[in-house]
Amino acid sequence: MEAIFGMSGPVAGAPYSPAVKEGNLLFVSGQLGLDPETKRPYEDFAAQTEGAIAGLKTLLEAAGGSLHDVVKTTVFLADLGQFAALNEIYARHFDGPVRPARSTFQVAALPLGAAVEIEAIAVLKG
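Residues numbered from 1 in each chain as written. Predicted model: local features only at pLDDT ≥ 70, side-chain atom pairs only at ≥ 80, totals over all residues. Heavy atoms only, no water.

**Re the overall build of the protein**
Logical step 1: Counting its secondary structure elements, the protein contains 2 helices and 6 strands.
Logical step 2: The N-to-C order of helical and strand elements in the protein reads β-β-β-α-β-α-β-β.
Logical step 3: A globule of 126 residues ought to have a C-alpha radius of gyration of about 14 Å, and the protein, at 14 Å, matches this closely.
Logical step 4: Seen through its C-alpha atoms, the protein measures out along the principal axes to roughly 40 × 40 × 25 Å.
Logical step 5: Here the contacts in the protein between residues at least 6 apart in sequence split such that 70% fall between residues at least 24 apart.
Logical step 6: Accessible surface, the protein as shown: approximately 7,000 Å² in total, 57% of it carbon and sulfur. (Helix = DSSP H or I, 4+ residues; strand = E, 2+ residues; numbered from the N terminus. Rg over C-alpha atoms; globule rule 2.2 N^0.38 Å. Contact = heavy atoms within 4.5 Å. Areas by Shrake-Rupley, 256 points an atom, 1.4 Å probe, with all protein chains shown as cover.)

Below you can see the structure in the form of structure tokens.
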């Protein structure tokens, strides 16, 4: 197994890896849409969602992959009422002929008071 880190390196004090590569499989831990300056979630749901997907993309690229390699995502929402807004943004990024399988859940709370968190499993090519 190999731990994969984004541009910021390991998460300080976190007892987990941002992503783990085993063979051609990549397991990406849940990503939040955080403002890089404040390290807090963006105020806007759309910005949080874009930021979470950008985090996925960064880790996928660090492992030699891309969003097109994702086979499954799990999305956690603080408010399932944001489902339509999520779908609109998600569809722009996962736009291939075969989109990843996905589960979406409403949860009681997310870290740092975030509105959305997205994790992924990818099969890396090459």
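Having seen the structure, we can now continue with the description.
**A word on the packing of aromatic side chains**
The geometry of an aromatic ring pair is captured by the separation of the ring centres together with the interplanar angle, meaning the angle of the planes.
Logical step 1: In the structure shown here, the tally under the stated rule is 2 aromatic pairs.
Logical step 2: Relative to Phe105, the ring of Phe76 lies with its centre 6.3 Å away and its plane at 25 degrees, an arrangement referred to as stacked. Residue Phe76 is located in strand S4 (residues 70–77), and its partner Phe105 is located in strand S5 (residues 101–106); the two are separated by 29 residues in the primary sequence.
Logical step 3: A residue is classified by how much of its surface remains accessible, and Phe105, at 42% relative accessible area, is partly exposed. (Phe/Tyr/Trp six-rings, centres within 6.5 Å; stacked < 30°, edge-to-face > 60°. Buried < 20%, exposed > 50% of the residue type's maximum accessible area, 1.4 Å probe, protein only.)

**A few points about the side chain of Thr74**
Logical step 1: Along the chain, the position of Thr74 falls in strand S4.
Logical step 2: One polar contact links Thr74 to Lys72, side chain to side chain, over a distance of 3.4 Å.
Logical step 3: With near-sequence residues (within four places) excluded, Thr74 lies in contact with Ser103, Phe105, Glu117, Ile118 and Glu119. (Polar contact = N/O pair within 3.5 Å; in protein donor to acceptor, adjacent residues only side chain to side chain.)

**Focus on the packing of helix H1 (residues 45–62) against helix H2 (residues 83–93)**
A packed helix pair is summarised by two numbers, namely the angle formed by the two axes and the spacing between the axes.
Logical step 1: In contact at an axis separation of 10 Å, H1 and H2 are set at 35 degrees when each is read in the N-to-C sense. The handedness of the crossing between H1 and H2 comes out as right-handed. Contacts between H1 and H2 involve Phe45, Ala46, Thr49, Glu50 and Ile53 from the first element and Ala85, Leu86, Ile89, Tyr90, Arg92 and His93 from the second. (Axes fitted to C-alpha atoms, helices over the stretch in contact; angles between N-to-C directions. Left-handed = near helix turned anticlockwise from the far one by under 90°.)

**Section: a nonpolar patch on the surface**
Logical step 1: Taken together, Leu25, Phe27, Val71 and Ile121 make up a surface patch of nonpolar side chains, about 280 Å² in accessible area.
Logical step 2: Assignment of secondary structure puts Ile121 in strand S6 (residues 116–123).
Logical step 3: By relative accessible area, Ile121 is classed as partly exposed at 31%. (Patch = residues over 30% accessible without salt bridge, like charges linked within 9 Å, V, L, I, M, F, W, Y side chains within 5 Å. Salt bridge = Lys/Arg side-chain N within 4 Å of Asp/Glu carboxyl O.)

**As for the nonpolar core**
Logical step 1: Among the nonpolar cores identified, the biggest contains 24 residues, and Leu26, Val28, Leu56 and Ile118 are the most heavily contacted of them.
Logical step 2: Those elements that provide at least two residues to this core are strand S3 (25–32), H1, S4, H2 and S6.
Logical step 3: Sorting elements by how many residues they give to this core places H1 first, with 6 residues.
Logical step 4: Discounting chain neighbours no more than four positions away, the residues touching Leu26 are Ile4, Ala19, Val20, Lys21, Leu59, Leu60, Ala63, Ala120, Ile121, Ala122 and Leu124. (Core = buried A, V, L, I, M, F, W, Y, C linked by side-chain atoms within 4.5 Å.)

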